[in-house]
Amino acid sequence: MIRLRPEQRETYPRLHAAVWPSVEQTLREANFRNYTIVLHDDLLFGYYEYVGDDYEADLRLIAADPQTQEWWKLTDPCQESLAEPGSGDWWAPMREVWHLADEAPENSAG
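Residues numbered from 1 in each chain as written. Predicted model: local features only at pLDDT ≥ 70, side-chain atom pairs only at ≥ 80, totals over all residues. Heavy atoms only, no water.

Draft legend 1. Broad picture of the layout of surface pockets. Reported here for the largest pocket is a volume of approximately 1700 Å³. Forming the walls of the largest pocket are 45 residues, and the residues nearest its centre are F32, Y35, G46, Y48 and W91. Listing elements by their share of the lining of the largest pocket, those giving two or more residues are α1 (11-16), α2 (21-29), β2 (32-40), β3 (43-50), α3 (55-64) and α4 (66-75). For the lining of the largest pocket, the element with the highest residue contribution is β2, accounting for eight residues. (1 Å grid on protein atoms, 1.4 Å probe; cavity = no way out; pocket = protein on both sides within 12 Å on 5 of 7 lines; lining within 4 Å. Points joined across faces, edges and corners; volume = space filled by probe spheres on them. Helix = DSSP H or I, 4+ residues; strand = E, 2+ residues; numbered from the N terminus.)

Draft legend 2. Molecular detail of the nonpolar core. Of all hydrophobic cores here, the largest spans eight residues; its members are I2, L4, Y12, L15, V23, L44, W71 and C78. Secondary-structure elements contributing two or more residues to this core are β1 (2-4) and α1. In this structure, W71 is in contact with L15, H16, A18, V19, W20 and V23, ignoring residues within four places of it in sequence. (Core = buried A, V, L, I, M, F, W, Y, C linked by side-chain atoms within 4.5 Å. Buried < 20%, exposed > 50% of the residue type's maximum accessible area, 1.4 Å probe, protein only. Contact = heavy atoms within 4.5 Å.)

Draft legend 3. Structural view of the pairing of β3. Where β1 and β3 come together, two bridges link them in antiparallel fashion. Across the sheet, I2 pairs through a bridge with L44, a residue of β3. Pairing analysis gives seven bridges linking β2 to β3, with the strands arranged antiparallel. Each residue of the ladder has a partner; that of T36, found in β3, is Y47. (Pairing = 2+ DSSP bridges.)

Draft legend 4. Broad picture of the packing of aromatic side chains. One pass over the structure, following the stated rule, counts seven aromatic pairs. When the ring of F32 is compared with that of Y50, the centres are 5.8 Å apart and the planes differ by 70°; the resulting orientation is edge-to-face. Taken as a pair, F32 in strand β2 and Y50 in strand β3 lie far apart in primary sequence, 18 residues in all. For Y50, a relative accessible area of 23% corresponds to the partly exposed category. (Phe/Tyr/Trp six-rings, centres within 6.5 Å; stacked < 30°, edge-to-face > 60°.)

Draft legend 5. Representation of the sheet that holds strand β4 (residues 79-80) within the structure. Strand order in the open sheet formed by four strands is β2-β3-β1-β4, with antiparallel pairing between adjacent strands. Since the sheet does not close on itself, it has two edges, and those belong to β2 and β4, each with one partner. The pairing of β1 with β4 spans two bridges and is antiparallel. When the bridges of β4 are listed, L4 appears paired with Q79.

Draft legend 6. Geometry of the packing of α2 against α4. In contact at an axis separation of 9 Å, α2 and α4 are set at 120° when each is read in the N-to-C sense. Crossing hand, α2 versus α4: left-handed. Residues S22, V23 and T26 of α2 form the contact with α4, whose participating residues are Q67, T68 and W71. Grouping the amino acids of the contact of α2 with α4 by side-chain chemistry returns two nonpolar, four polar and no charged. (Axes fitted to C-alpha atoms, helices over the stretch in contact; angles between N-to-C directions. Left-handed = near helix turned anticlockwise from the far one by under 90°. Nonpolar A, V, L, I, M, F, W, Y, C, P; charged D, E, K, R; others polar.)

Written out as structure tokens, the structure reads:
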């Protein structure tokens, strides 16, 4: 999650209404799927499924992409990081506390 700067409440959703195809393609090439960003008050929550086998390498691939770097020049000023200082994260990771699986385990009790 990350905070949306109040003065950017109109800009950030407008930018994401037309994400550049090259940025989306880079995310796909880096094995990101079902990427969603949702907004609640001034908090942005991101969800994606990673289907690759080298997450750090794929993050580097995204960061090295010139079009993504230009995209970030537009979107980063809209955001205020909530990540732990010194963590190297821009978006603050969230901890999963519960997940409903697609199917119940074989020996589950109702």
